[in-house]
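Spelled out, the chains give:
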Amino acid sequence: AACSPSLPDGSGTAVSAATSTERRSSIRSGVTASARRDALAQSSKSVRSGAYTDDQATKGESVYRQNCTSCHATSFVSGEQFQLTWLGRTVFDLYDQIRKTMPQDDPGKLSRQDYALIVAYVLKLNGYPSGSEPLSSSADDLKQIRIEAR
């Protein structure tokens, strides 16, 4: 997989740049911070209540190792950088960012289910509990799940 020089360092530079671009795009399209807050207020579930299954996280680790580790150590998608980037957003935001930008040499090449498995693994890496219901790959379902502090 072809990687940008800034990706392997774990600094989150690429995520921050993508997030800044996404924010500029949101402003241009008329999506305001208020609209985002309203959408989050409608979200009915939190990652703290178990948004994925243990089996999904295990499978997600395998998919991550096969498709992501050549560019991203797990420290790239966990810890403080994850919290700073994703708190207050929905799981759909995370899923969609990964799906539209990764793998860098062929964004969107994985199945929607594989992207959901990767998100499940990332949630596990960040200390969020598993639950009894699997994480869906449906945009509507993912938009209902908030990423909150642990």
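Bear in mind the structure is a predicted one, so any value in this text is a computation, not a measurement.

Here we look at the overall build of the chain
Thinking step 1. Check the secondary structure of the chain and you find seven helices and two strands.
Thinking step 2. Put simply, the chain runs from its N terminus to its C terminus through helices and strands in the order α-α-β-α-α-α-α-α-β.
Thinking step 3. Of all 150 residues assigned to the chain, the portion counted as buried reaches 39%.
Thinking step 4. Across the chain, the fraction of contacts at a sequence separation of at least 24, relative to all contacts at a separation of at least 6, is 76%.

Let's talk about unusual backbone geometry
Thinking step 1. Cis geometry marks the peptide bond from Met102 to Pro103, where omega comes out at -10°.
Thinking step 2. Inspection of the secondary structure puts Pro103 in the loop between helix 5 (91-101) and helix 6 (112-125).

So, the packing of helix 5 against helix 6
For any two helices packed against each other, one specifies the crossing angle of their axes together with the interaxial distance.
Thinking step 1. The N-to-C vectors of helix 5 and helix 6 enclose an angle of 120°; their axes lie 10 Å apart at closest approach. Judged by the angle between their axes, helix 5 and helix 6 are oblique. The two elements helix 5 and helix 6 meet at a crossing, and its hand is right-handed. Contacts between helix 5 and helix 6 involve Val91, Leu94, Tyr95, Ile98 and Arg99 from the former and Arg112, Tyr115, Ala116, Ile118, Val119 and Val122 from the latter.
Thinking step 2. In terms of residue class, the contact of helix 5 with helix 6 is made up of nine nonpolar, no polar and two charged.

Comments concerning the pattern of salt bridges
Thinking step 1. Following the criterion strictly, the structure yields seven salt bridges and no others.
Thinking step 2. With a shortest N-O distance of 3.8 Å, Asp93 and Arg89 are connected by a salt bridge.
Thinking step 3. Taking relative accessible area as the criterion, Arg89 reaches 4% and is therefore assigned buried.
Thinking step 4. Members of the salt-bridge network, linked through shared partners, are Arg48, Arg146 and Glu148.

Brief notes about the environment of Ala139
Thinking step 1. Turning to its location among the elements, Ala139 is positioned in helix 7 (residues 139-142).
Thinking step 2. Ala139 gets classed as partly exposed once you look at its relative accessible area, which sits at 28%.
Thinking step 3. Taking the C-alpha atoms as reference points, Ala139 and Phe92, 47 residues apart in sequence, are found 6.1 Å from one another.

Quick look at the packing of helix 3 (residues 54-67) against helix 6
Thinking step 1. Two elements in contact, helix 3 and helix 6, have axes whose closest approach is 7 Å; the angle formed by their N-to-C orientations is 105°. The angle between helix 3 and helix 6 falls in the class roughly perpendicular. On helix 6, the residues touching Gln56, Ala57, Lys59, Gly60, Glu61, Val63 and Tyr64 of helix 3 are Gln113, Asp114, Leu117, Ile118, Ala120, Tyr121 and Lys124.
Thinking step 2. Taken together, the residues of the contact of helix 3 with helix 6 break down into seven nonpolar, three polar and four charged.

What about the confidence of the model for the chain?
Predicted coordinates in regions of low pLDDT should not be interpreted in detail.
Thinking step 1. For the chain, per-residue confidence averages 82 on the pLDDT scale, and 71% of positions sit at 70 or higher.
Thinking step 2. Counting contacts from residues 4-30, a segment whose pLDDT is below 50, to residues more than four positions away or on other chains yields 27 contacts.

With respect to helix 3
Thinking step 1. Taking 1.5 Å of rise per residue, 14 residues should cover 20 Å, and helix 3 covers 20 Å from first to last C-alpha, within 8% of that figure.
Thinking step 2. Buried within helix 3 are the following residues: Gln56, Ala57, Gly60, Val63, Tyr64 and Asn67. All buried residues of helix 3 lie within an arc of 120° about the axis, which places them on one face of the element. In this structure, helix 3 carries Arg65 and Gln66 as exposed residues pointing more than 90 degrees from its buried face.

About the thresholds
- Residues numbered from 1 in each chain as written.
- Predicted model: local features only at pLDDT ≥ 70, side-chain atom pairs only at ≥ 80, totals over all residues.
- Heavy atoms only, no water.
- Helix = DSSP H or I, 4+ residues; strand = E, 2+ residues; numbered from the N terminus.
- Buried < 20%, exposed > 50% of the residue type's maximum accessible area, 1.4 Å probe, protein only.
- Contact = heavy atoms within 4.5 Å.
- Axes fitted to C-alpha atoms, helices over the stretch in contact; angles between N-to-C directions.
- Parallel < 35°, antiparallel > 145°, perpendicular 65-115°, else oblique.
- Left-handed = near helix turned anticlockwise from the far one by under 90°.
- Nonpolar A, V, L, I, M, F, W, Y, C, P; charged D, E, K, R; others polar.
- Salt bridge = Lys/Arg side-chain N within 4 Å of Asp/Glu carboxyl O.
- pLDDT = per-residue confidence, 0-100.
- Expected span 1.5 Å × (residues − 1).
- Arc of directions from axis to C-beta.

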